[in-house]
Amino acid sequence: MYKSILLAMLGAVALNAADVREIREDIEIPYISYDIKMGEHFDAVQTNCLTCHSFGYVTNQGPQSKEQWRKKVEKMVVHFKAPITDADSADITEYLFKHYGNGQEK
Amino acid sequence: MERRDFFKKSLVVAGAAAIGTSLEAASLPKDNAKVSNIAFPQKRPMITYSDRPPLLESTRDVFSQAITPNDQFFVRWHMPEIPTHVDLNTFRLKVNGEVKKELSLSVDQLKHEFEAVEFTAVLQCGGNGRSAFTPIAGGIQWGNGAVGNATWKGVRLRDILERAGIKKEAGWVGFNGMDNASYYETPNFVREMSLTELDDHVIVAYEMNGEELPYLNGFPLRLIVPGYYSDSWVKMLSNLTLTKSYQKLFFMDVAYRIPDNECECEEPGEKNVKTKPIKKMNVKSIIGYPTNNTVVYNNSHVTVRGVAFDQGKGIRAVLVSVDEGKTWEEAILHKDTLGRYSFREFRYSFKPTKFGKQKIMSKAISKSGEEQPLAENIKWNHGGYKYNGVDVVTIEVV
């Protein structure tokens, strides 16, 4: 009886060895909470800018001019096909410039 | 340049933020980003820029050794949706397009039906060091740590394509990985390579430093293109497609490009600059020890350690200066055992003899004579690519 348990265990070990995998289940990517400045038009950011990447990705580049922010939003629409209305784009630019801007128009 | 003139300039560079220096020049990349207290799967806590997509940077101290441990290796994805599970029983690498016979290969088949090749090569993001540029160049504001060196084991791409049979009309091979954009219309991260660029060092790797690839570095298969920046090294590679001609691709035609002129530079706001893909890496050294603000005793022996690399010409020398760049001395290069695409370790011992701040600078020179420029001599480009300024750390002597 002991012997058969031992054999069963050995069998299990051998099976594992044939399928050496570090990870068997899903990996889980943790969520990071970012400091977000609340203010007018943040809702437009929330609806339009957080589907493809996190907020941290948006603000990572530091303060930008209004023109730079406008171009960034435009890039999302033109190159990455983000479905964002012109009105929302303008609001988002306002919000980003106000809270993550460098004070300069250009 | 006059020596005194240079001395003055290097002092300006020392104020890392360097606001007020010439607009188009670079300063030093930032080196004070905090390690997150959250660890990502299979990784130790690293400098973390974003969770979706995951963007993780190695700290400077990692660069005092030739091989970068898998759990400290930088991570850069483009798309938020990356598979969080890959079942090797069903995973297949597909080969199709202009081939005589389509293939669908399991990782097991790659391991057992093809000749295994193994070599060590540096993987570096084209935007590594981007935070050095003023005005801010678009993209992640990496410090020095979007680079690593590993030993990759896998199968020659050529062998896989030959098993499928390359039709004579085929001119290009496209690579697609399993990461996806949230919208189906967003361009996928697909890459292409001309078959003329294909050499035996391009491999499909299933092993990294003797372990399976970490998920975040592209499990189960990753394209290895030594000497090239990492935008060519497609992760979670699942598809090889041969085509007659080049297909238009966002991530090749718009992103990862630099001005097509000698200085690879442009004025901020300049229009209609002709561009080219970033492709091959330039020469670089990184000091791994000491790190900024390390405290050492006066008159003690300090051994500086770091790594140097280029696109595969090999490293001829690393020079170190401990007097603000006035004089340079050759560091000792570690034996060249890992091959020309690898980090080459260097070390340099000196005795600080003055109290206070002490600068240590390192400059690599490749076998083809390419030399690392001073940060202040690097001109701006809009993507903030290919920064390779002389490395500088400042320590405290007490």
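Parameters at a glance
Residues numbered from 1 in each chain as written. Chains lettered and ligands numbered in written order. Predicted model: local features only at pLDDT ≥ 70, side-chain atom pairs only at ≥ 80, totals over all residues. Heavy atoms only, no water. Contact = heavy atoms within 4.5 Å. Buried area = accessible area lost by both parts, 1.4 Å probe. Salt bridge = Lys/Arg side-chain N within 4 Å of Asp/Glu carboxyl O. Helix = DSSP H or I, 4+ residues; strand = E, 2+ residues; numbered from the N terminus. Nonpolar A, V, L, I, M, F, W, Y, C, P; charged D, E, K, R; others polar. Buried < 20%, exposed > 50% of the residue type's maximum accessible area, 1.4 Å probe, protein only. Polar contact = N/O pair within 3.5 Å; in protein donor to acceptor, adjacent residues only side chain to side chain. Pairing = 2+ DSSP bridges. Core = buried A, V, L, I, M, F, W, Y, C linked by side-chain atoms within 4.5 Å. Disulfide = S-S within 2.5 Å. 1 Å grid on protein atoms, 1.4 Å probe; cavity = no way out; pocket = protein on both sides within 12 Å on 5 of 7 lines; lining within 4 Å. Points joined across faces, edges and corners; volume = space filled by probe spheres on them. Phe/Tyr/Trp six-rings, centres within 6.5 Å; stacked < 30°, edge-to-face > 60°. pLDDT = per-residue confidence, 0-100.

Trainee: I'd like a description of the interface of chain B and chain A, backed by residues and values.
Mentor: Taken residue by residue, the interface counts 39 residues in chain B and 31 residues in chain A. Together, the buried faces of chain B and chain A total about 3,000 Å²; carbon and sulfur atoms form 58% of this surface. Joining chain B to chain A, the criterion identifies zero salt bridges. Contributing elements (two or more residues each) for the side of chain B that touches chain A: β1 (47-50), β11 (211-212) and α4 (250-253) of chain B. If one sorts the elements of the side of chain B that touches chain A by residue count, β1 of chain B sits on top with three residues. Its residues assigned to classes, the side of chain B that touches chain A comprises 23 nonpolar, ten polar and six charged.

Trainee: Now, about the environment of T93 of chain A: what can you tell me, with residues and values included?
Mentor: Residues and elements named next belong to chain A. Positionally, T93 belongs in helix α5 (residues 86-100). Judged by its relative accessible area of 5%, T93 falls in the buried class. Sequence separation between T93 and S33 is 60 residues; the distance between their C-alpha atoms is 22 Å. Filtering out sequence-adjacent residues up to four positions away, T93 remains in contact with K66, W69, R70 and V73. Among the polar contacts made by the side chain of T93, one reaches the main-chain carbonyl oxygen of S89 at a distance of 2.8 Å.

Trainee: I'd love a proper account of the sheet that holds strand β2 (residues 55-57) of chain B, names of residues and values included.
Mentor: Residue and element names in this part refer to chain B. Across the sheet, which stays open at both edges, the three strands sit in the order β1-β2-β3 with antiparallel pairing between neighbours. Edge positions in the sheet fall to β1 and β3 (75-76), since each has one partner strand and no second. Summarising the sheet, β2 and β3 pair through two bridges and their orientation is antiparallel. Bridge pairing in β3 places L56 opposite V75.

Trainee: Break down the nonpolar core for me, with residues and values.
Mentor: Residues and elements named next belong to chain B. In terms of nonpolar packing, the biggest core is built from 68 residues, with W152, I160 and L240 touching the most fellow members. Here this core takes five residues from strand β10 (residues 203-208), the largest share from any one element. Not counting residues up to four positions away in its chain, the partners in contact with I160 are L93, V95, L103, L105, L110, F114, V155, V204 and L240.

Trainee: Could you give an account of the state of the cysteines, naming the residues involved and the relevant values?
Mentor: For the coordinates displayed, the defined rule picks out one disulfide over all chains. Through a disulfide, C263 of chain B is tied to C265 of chain B; the S-S separation comes to 1.9 Å. When the S-S torsion is -75°, as for the bridge of C263 of chain B with C265 of chain B, the disulfide is left-handed. Given a relative accessible area of 13%, C265 of chain B falls into the buried group. With no disulfide partner, C49 of chain A has as its closest neighbouring cysteine sulfur the one in C52 of chain A, 9.4 Å distant. Given the relative accessible area of 14%, C49 of chain A is considered buried. The closest cysteine sulfur to the non-disulfide-bonded C125 of chain B is located on C52 of chain A, 20 Å from its own sulfur. A residue is classified by how much of its surface remains accessible, and C125 of chain B, at 4% relative accessible area, is buried.

Trainee: Describe empty space enclosed by the protein, and please don't skip the residues or the numbers.
Mentor: Residue and element names in this part refer to chain B. Tallied over the entire structure, the rule returns two cavities of 30 Å³ or more. Size it by volume and the largest cavity reaches roughly 170 Å³. The wall of the largest cavity is formed by 19 residues, among which R76, H78, R222, S230 and K235 lie closest to the centre. Split by residue class, the lining of the largest cavity holds ten nonpolar, four polar and five charged.

Trainee: Give me the lowdown on unusual backbone geometry, citing residues and values where you can.
Mentor: Negative phi characterises most residues that are not glycine, and trans characterises most peptide bonds. All names here are of chain B. A cis amide bond links R52 to the next residue, P53, at an omega of -5°. Between T134 and P135 the backbone carries a cis peptide bond, its omega angle lying at -5°. Within the element layout of this structure, P135 appears in the loop between β6 (116-124) and β7 (147-156). Unusually for a residue other than glycine, N272 sits at a positive phi of about 55°. With respect to the helices and strands, the residue N272 is situated in the loop between β14 (257-259) and β15 (275-277). Residue classification places N272 among the exposed residues on the basis of a relative accessible area of 80%. Here N293, not a glycine, exhibits a phi torsion of approximately 70°, which is positive. Mapping N293 onto the fold places it in the loop between β16 (284-289) and β17 (295-296).

Trainee: Kindly report on the layout of surface pockets, identifying the contributing residues and their values.
Mentor: Estimated volume of the second largest pocket: approximately 530 Å³. Taken together, 20 residues form the lining of the second largest pocket, with Y34, G56 and T59 of chain A together with T48 and Y49 of chain B sitting closest to its centre. Residue classes in the lining of the second largest pocket are distributed as eight nonpolar, nine polar and three charged.

Trainee: Please set out the sheet that holds strand β19 (residues 315-321) of chain B residue by residue, giving values where relevant.
Mentor: Residues and elements named next belong to chain B. The strand order β17-β24-β23-β19-β20 describes an open sheet built from five strands, whose pairing is mixed. Looking at the sheet topology across the chains shown, the edges are occupied by β17 and β20 (329-330). When β17 meets strand β24 (residues 391-397), the two strands line up parallel, connected through two bridges. Looking across to β24, one finds that V296 is bridged to V397.

Trainee: Explain the packing of aromatic side chains residue by residue, including any values.
Mentor: Summed over all chains, the structure comprises 16 aromatic pairs over all chains. On the numbers, 6.2 Å between centres and 75° between planes, the contact of F42 of chain A with F55 of chain A is edge-to-face. Here F42 of chain A is found in helix α2 (residues 42-48), whereas its partner F55 of chain A is found in helix α3 (residues 55-59), with 13 residues between them in sequence. F55 of chain A shares its class with F42 of chain A; the two are buried. Both rings, one in F133 of chain B and one in Y387 of chain B, keep their centres 6.2 Å apart while their planes meet at 90°; by these two values the pair is edge-to-face. With F133 of chain B in the loop between β6 and β7 and Y387 of chain B in the loop between β23 (356-366) and β24, this residue pair connects regions lying 254 residues apart in the sequence. For the pair F133 of chain B and Y387 of chain B, one class covers both residues: buried.

Trainee: I'd like a description of the confidence of the model for chain B, backed by residues and values.
Mentor: Across chain B, pLDDT averages 90, with 90% of residues at or above 70. Taken as a whole, residues 1-23 of chain B scores under 50 in pLDDT and shows 29 contacts with residues more than four places along the chain or in a different chain.

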